[in-house]
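Close look at the chain arrangement
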Amino acid sequence: MPETALVLGGGGLTAYAWETGVLAGLAEAGVDLAGADVLAGTSAGSLLALDLAAGAAPADLHREQADGRRVPLDVDFTLGMTVKYLWAALGSRDPATVVERLGGLALAVRGVREADVFDAIRPHLPVREWPERTLRFFATDARTGRTEGFGAGSGVDLLRAMAATCALPPLFPPITIGEGRWMDGGVRSTTNADLVDDCRRVVVLAPVPKGPGASPRVTGQVAALRAGGARATVLVPDREARRAFGRNALDASRVPGAARAGLRQAADLADRVRSVWYG
């Protein structure tokens, strides 16, 4: 059984930036989460997990974000796409039905090929093969609603796994893996923290603690981990950080502020994280 897991939630460019700030600030305080036995991510969180697994230091990743020198994935999620997503997400109070509706939205994407998704993702991968770390990239089958964490042992190549976890409908179509068509795991949960229930100590970074509509709250998933015997905690943006994010998670102009907000907030979080990670 893995001892430690770092779970990195999704939420766009500002989510990635805030998480780099939190990790850099915690490392400064003597709490290095980058060495976790398991690095698990959803969407933007998977991009950060891969950066860490490839050897990038949190401080360096944070400086890139705070200086506005690097955008991990530059895409244009239009207002029309937002309306379609919210229509699907808010159309039911049943989480499984919401995932089914979002799966239908993903499968209906036209004019974008899977190869186009690979071309969009490829330049942002720091490596081309799976690193020698345990990674889990969460994606959801658009047809069945099943969510899985893809890693080196899954038999899926790295680019395809990353494309799947980042395939947010209706921006991208789902990615074919085996007999499934896989989309962004954020359609099920912004963190999928409950899926690391085989780990004893878990820290969850949740830039977006809850998705729209019936999406589960990360606090409930962390409570379930604790009920199962794990030591677990969740870190979420405070009011100042949320203000730095703005309303558009893909607004690159908001990235430096989000990164600095994460670094600032880490000082207040260090003791709580230390008690879980080293306790």
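As shown above, the structure is provided for reference.
The following paragraphs examine the structure supplied in this document. None of these values were measured; they are calculated from a predicted model.

Conventions used here
Residues numbered from 1 in each chain as written. Predicted model: local features only at pLDDT ≥ 70, side-chain atom pairs only at ≥ 80, totals over all residues. Heavy atoms only, no water. Helix = DSSP H or I, 4+ residues; strand = E, 2+ residues; numbered from the N terminus. Buried < 20%, exposed > 50% of the residue type's maximum accessible area, 1.4 Å probe, protein only. Contact = heavy atoms within 4.5 Å. Areas by Shrake-Rupley, 256 points an atom, 1.4 Å probe, with all protein chains shown as cover. Lys, Arg positive; Asp, Glu negative; His and termini not counted. Charge placed at Lys NZ, Arg CZ, Asp CG, Glu CD. Axes fitted to C-alpha atoms, helices over the stretch in contact; angles between N-to-C directions. Parallel < 35°, antiparallel > 145°, perpendicular 65-115°, else oblique. Nonpolar A, V, L, I, M, F, W, Y, C, P; charged D, E, K, R; others polar. Salt bridge = Lys/Arg side-chain N within 4 Å of Asp/Glu carboxyl O. Pairing = 2+ DSSP bridges. Right-handed = clockwise from strand over helix to strand, strands pointing away.

**Let's talk about the overall build of the protein chain**
When helices and strands are counted, the protein chain shows 10 helices and eight strands. When the 279 residues of the protein chain are sorted by exposure, 54% land in the buried category. Pairs at least 24 residues apart make up 77% of the contacts formed inside the protein chain by residues separated by at least 6 positions. Per element, the accessible surface of the protein chain, about 11800 Å² overall, is 50% carbon and sulfur. For the protein chain, the distance from the average site of its 32 positive side-chain charges to the average site of its 31 negative ones is 6 Å.

**Some points on the packing of helix α4 (residues 79-89) against helix α5 (residues 95-107)**
Packing of α4 against α5 leaves a shortest axis separation of 8 Å and a crossing angle of 145°. Residues K84, Y85, W87, A88 and A89 of α4 lie in contact with α5, whose contacting residues are V98, R101, L102 and L105.

**Structural notes on the packing of helix α3 (residues 58-66) against helix α10 (residues 255-277)**
At a minimum axis distance of 7 Å, the contact between α3 and α10 shows a crossing angle of 140°. Here α3 lies oblique to α10, going by the angle between them. Residues H62, Q65 and A66 of α3 form the contact with α10, whose own contacting residues are V255, P256, A259, R260 and L263. For the contact of α3 with α10, the residue count by class is five nonpolar, two polar and one charged.

**Here's the deal with unusual backbone geometry**
For the bond from P169 to P170, the omega torsion is -5°, close enough to zero to count as cis. When you line up the elements, P170 lands in the loop between α7 (158-165) and β5 (175-177). For S43, which is not a glycine, the phi torsion comes out positive at approximately 55°. Positionally, S43 belongs in the loop between β2 (38-42) and α2 (44-53). Phi is positive for N192, which is not a glycine, with a value near 55°. Looking at the secondary structure, you find N192 in the loop between β6 (180-184) and β7 (201-205).

**Some points on the pattern of salt bridges**
This structure, assessed with the given rule, holds 17 salt bridges. D238 is paired through a salt bridge with R264; the nearest N and O atoms lie 3.0 Å apart. With D238 in the loop between β8 (231-235) and α9 (239-245) and R264 in helix α10, this residue pair connects regions lying 26 residues apart in the sequence. For D238, a relative accessible area of 23% puts it in the partly exposed group. For R264, a relative accessible area of 30% corresponds to the partly exposed category. Look at the salt bridges and you will find they share partners, linking E114, D157, R160 and R181 into a network.

**Concerning the side chain of S92**
With respect to the helices, strands and loops of the structure, S92 is situated in the loop between α4 and α5. Looking at S92, the relative accessible area reads 17%, which means it is buried. Residue contacts for S92: discarding those within four places in its chain leaves T97, V98, R101 and A214.

**Topic: the pairing of β8**
By the criterion of burial, β8 is predominantly enclosed, with four of the five residues buried. Bridge count between β7 and β8: five bridges; the pairing is parallel. Looking at β8, one finds that V204 is bridged to V234. Considered for its hand, the β-α-β crossover made up of β7, helix α8 (residues 218-227) and β8 is right-handed.

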